[in-house]
Amino acid sequence: MSGTARSRVRLGLIFLLFVISAIAFLDRTNISVAGVDMRHEYGIDQVELGWVFSAFLIGYALFQVPAGWLAARYGPRAVLTGALLWWGVFTAATALIPPQGSAALLMLAFTRFALGIGESVVYPCGNQFLSRWIPAQERGKANGWIFAGVGAGSGITPPLITAIILAGGWRASFYVCAVIGILAAAVWYLAARDRPQDHPSVNAAELAHIEAGLPPAKAVSRDPIPWGTILSSRNVWGLFVSYFAFGYVIWIFFSWFFIYLAEARHLDVKSSAIFSMLPFLCMTFGCLTGGVINDRVSARYGLYWGRSGLGVISFILTGLFLICGSMVDNAPLAVLILAGGAGAIYLSQSSFWSVTADIAGPHTGVVSGFMNMGCQIGGALTSTLTPIIAAQFGWTAAFIAGAIVVLTGVLAWAVVDPNRLLEQPGPDTDAVGFTAAATA
């Protein structure tokens, strides 16, 4: 019995969440590539297109906390399946809006708002899943893989969507993305379970390994949400503010980088598609590398230095890259340096989501949803503000504004302590087994 190999179902499901994460960003960033053609067909300018971008992020932000509550109450399997179907429908609906009529811009904004509602479920569900399936000592790498999907999905978007547009027009790109999302819903529903105890392929050895690395369960997910505790937590607000800064910066890349290359750096469509992949490849590398660093530093020096310390360093590097890259005249070199900033900020991604799982226990979905709301508010602000700053003061000023925002996030990261739980366990139990082992 002792020689029975441990099953690895949790790793397969984390990889599936990586794929779903990639699809989510394919579906939300395809409009950045298609936006060049959409602007001409709908007769809208960059600022109006920015409103459409922001509509997605407003829907996404507003429904983060409800998404976390749904994930905690009904489980990540059913809720994420429904969300994938929802956003598949509204991805397709974007392409069905006729360009004629005064309401076209409003309809585009509404459809993207609805898409944002559907996609709001992804990461609260993923983090609720992680809090039940992944022992603390593996959470950095697990989150690294999940959020590497952001870079992977965004990285394949420019060449894939450009190829589809050249072959069948911009509307075809939305139909293809919709089909991919609906297929992912079927795969997730068939493969996933809400808890490892419910999965037929999880053997006793894997289950024991998972349970040994989870903090003691103080409450169950159907308990009332302790809003007073959540909203008075320095940890929660530190995460919210720092993730706001994160969102402000990353959505410069998601919303405007392709257009920046085409219109500010004067690259043609194919060159823009190739060059705009680089930041997202760096995001993927940064996510995976950050996850490994997160776990290793946490194991050796404790959770604060592995999670929050990495976040501080990541944000400082990002600010420096954005300032330097925005001032370079040579387009390829500027892309390379700015891509370094995108990779640097994603070193911190696993830290954000690992901390919420560390501190929140059964309320992980709600707390991570609240934190992610800050990210999307930052993204909505930059989606609208960046083209205004660029038009008034130039693209260098737009990137420097991002650098200033991310450097303020350093202070917010510094106050976050992953060892300080929202609800303390009983006096006879350790707060988090990983922390006790790491500091022993």
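Residues numbered from 1 in each chain as written. Predicted model: local features only at pLDDT ≥ 70, side-chain atom pairs only at ≥ 80, totals over all residues. Heavy atoms only, no water.

Trainee: I'd like a description of the overall build of the protein, backed by residues and values.
Mentor: Scanning the protein for helices and strands turns up 19 helices and zero strands. Computed over C-alpha atoms, the radius of gyration of the protein comes to 21 Å, within 12% of the 22 Å expected from 2.2 N^0.38 for 440 residues, which places it in the range of a compact globule. Counting only C-alpha atoms and orienting by the principal axes, one finds that the protein spans roughly 65 × 45 × 40 Å. Per-residue burial for the protein yields a buried fraction of 60% across its 440 residues. Taking the contacts inside the protein whose residues are at least 6 apart along the sequence as the reference set, 86% of them involve residues at least 24 apart. Per element, the accessible surface of the protein, about 16,300 Å² overall, is 69% carbon and sulfur. Charge-centre separation for the protein: the mean point of 23 positive side chains lies 5 Å from the mean point of 21 negative side chains. (Helix = DSSP H or I, 4+ residues; strand = E, 2+ residues; numbered from the N terminus. Rg over C-alpha atoms; globule rule 2.2 N^0.38 Å. Buried < 20%, exposed > 50% of the residue type's maximum accessible area, 1.4 Å probe, protein only. Contact = heavy atoms within 4.5 Å. Areas by Shrake-Rupley, 256 points an atom, 1.4 Å probe, with all protein chains shown as cover. Lys, Arg positive; Asp, Glu negative; His and termini not counted. Charge placed at Lys NZ, Arg CZ, Asp CG, Glu CD.)

Trainee: Just give me the short version of the pattern of salt bridges, but keep the residues and values in it.
Mentor: One side chain can pair with another of opposite charge once the charged atoms of both are near each other. Using the criterion set out here, one finds nine salt bridges in the structure. Arg 28 is the partner of Glu 119 in a salt bridge, and the nearest nitrogen-oxygen pair spans 2.7 Å. Here Glu 119 is found in helix α5 (residues 104-119), whereas its partner Arg 28 is found in helix α1 (residues 9-42), with 91 residues between them in sequence. Of the two residues, Glu 119 and Arg 28, both sit in the buried class. Notably, a salt bridge pairs Asp 295 with Arg 307, separated by 3.7 Å at the nearest N-O pair. Of this pair, Asp 295 sits in helix α13 (residues 277-301) while Arg 307 sits in helix α14 (residues 303-326), and the two are twelve residues apart along the sequence. Overall, the relative accessible area of 4% leaves Asp 295 in the buried class. Residue Arg 307 is classed as buried on the basis of its relative accessible area of 0%. Each of Arg 139, Lys 141, Asp 295, Arg 307 and Asp 358 takes part in salt bridges that share partners, so that together they form one network. (Salt bridge = Lys/Arg side-chain N within 4 Å of Asp/Glu carboxyl O.)

Trainee: A description of helix α8 (residues 170-191) should follow, citing residues and the corresponding values.
Mentor: The end-to-end C-alpha distance of α8, which contains 22 residues, comes to 33 Å, matching closely the 32 Å that a straight helix rising 1.5 Å per residue would cover. Buried residues of α8: Trp 170, Ala 172, Ser 173, Phe 174, Cys 177, Ala 178, Gly 181, Ala 184, Ala 185 and Trp 188, and no others. Buried residues in α8 make contact with α1, α4 (76-94), α5, α6 (122-133) and α7 (139-168). (Expected span 1.5 Å × (residues − 1).)

Trainee: An account of the side chain of Thr 94 is needed here, citing residue identities and associated values.
Mentor: Considering the arrangement of structural elements, one finds Thr 94 in helix α4. The class of Thr 94 is buried, set by a relative accessible area of 0%. Look past the residues within four positions of Thr 94 in its chain and what remains in contact with it is Tyr 42, Leu 108, Thr 111, Arg 112, Trp 170 and Phe 174.

Trainee: Which residues make up the packing of aromatic side chains, and what values do they have?
Mentor: Under the criterion given, the structure shown has 37 aromatic pairs. Taken together, a centroid distance of 5.2 Å and an interplanar angle of 65° make the contact between Phe 53 and Trp 256 edge-to-face. Highlighted residues: Phe 53 in helix α2 (residues 46-62) and Trp 256 in helix α11 (residues 234-263), separated in sequence by 203 residues. The class for Phe 53 is buried, based on a relative accessible area of 5%. On the numbers, 5.2 Å between centres and 85° between planes, the contact of Tyr 304 with Trp 305 is edge-to-face. Stacked on the ring of Phe 25, the Lys or Arg Arg 28 has its end atom at 3.9 Å from the ring centre. Cation over ring: Arg 77 sits above Tyr 189, and NZ or CZ is 4.0 Å from the ring centre. (Phe/Tyr/Trp six-rings, centres within 6.5 Å; stacked < 30°, edge-to-face > 60°. Lys NZ or Arg CZ within 6 Å of the ring centre and 35° of its normal.)

Trainee: Break down the confidence of the model for the protein for me, with residues and values.
Mentor: Detailed reading of the predicted model is not advised wherever pLDDT is low. Residues at a pLDDT of 70 or more form 92% of the protein, whose mean pLDDT is 86. Mean pLDDT across the secondary structure elements of the protein bottoms out at helix α19 (residues 433-439), with 34, and peaks at α14, with 95. For residues 427-440, every residue scores under 50 in pLDDT, and the model assigns this stretch 24 contacts once sequence neighbours within four places are set aside. (pLDDT = per-residue confidence, 0-100.)

Trainee: A description of a nonpolar patch on the surface should follow, citing residues and the corresponding values.
Mentor: On the surface, a cluster of nonpolar side chains totalling about 260 Å² of accessible area is made up of Ile 58, Leu 62 and Phe 63. For Leu 62, the position within the fold is in helix α2. Assessed through its relative accessible area of 52%, Leu 62 is described here as exposed. (Patch = residues over 30% accessible without salt bridge, like charges linked within 9 Å, V, L, I, M, F, W, Y side chains within 5 Å.)

Trainee: Report on the environment of Leu 160, specifying residues and quantitative values.
Mentor: Relative to the helices and strands, Leu 160 is located in helix α7. With 127 residues separating them along the chain, Leu 160 and Val 33 place their C-alpha atoms 9.8 Å apart.

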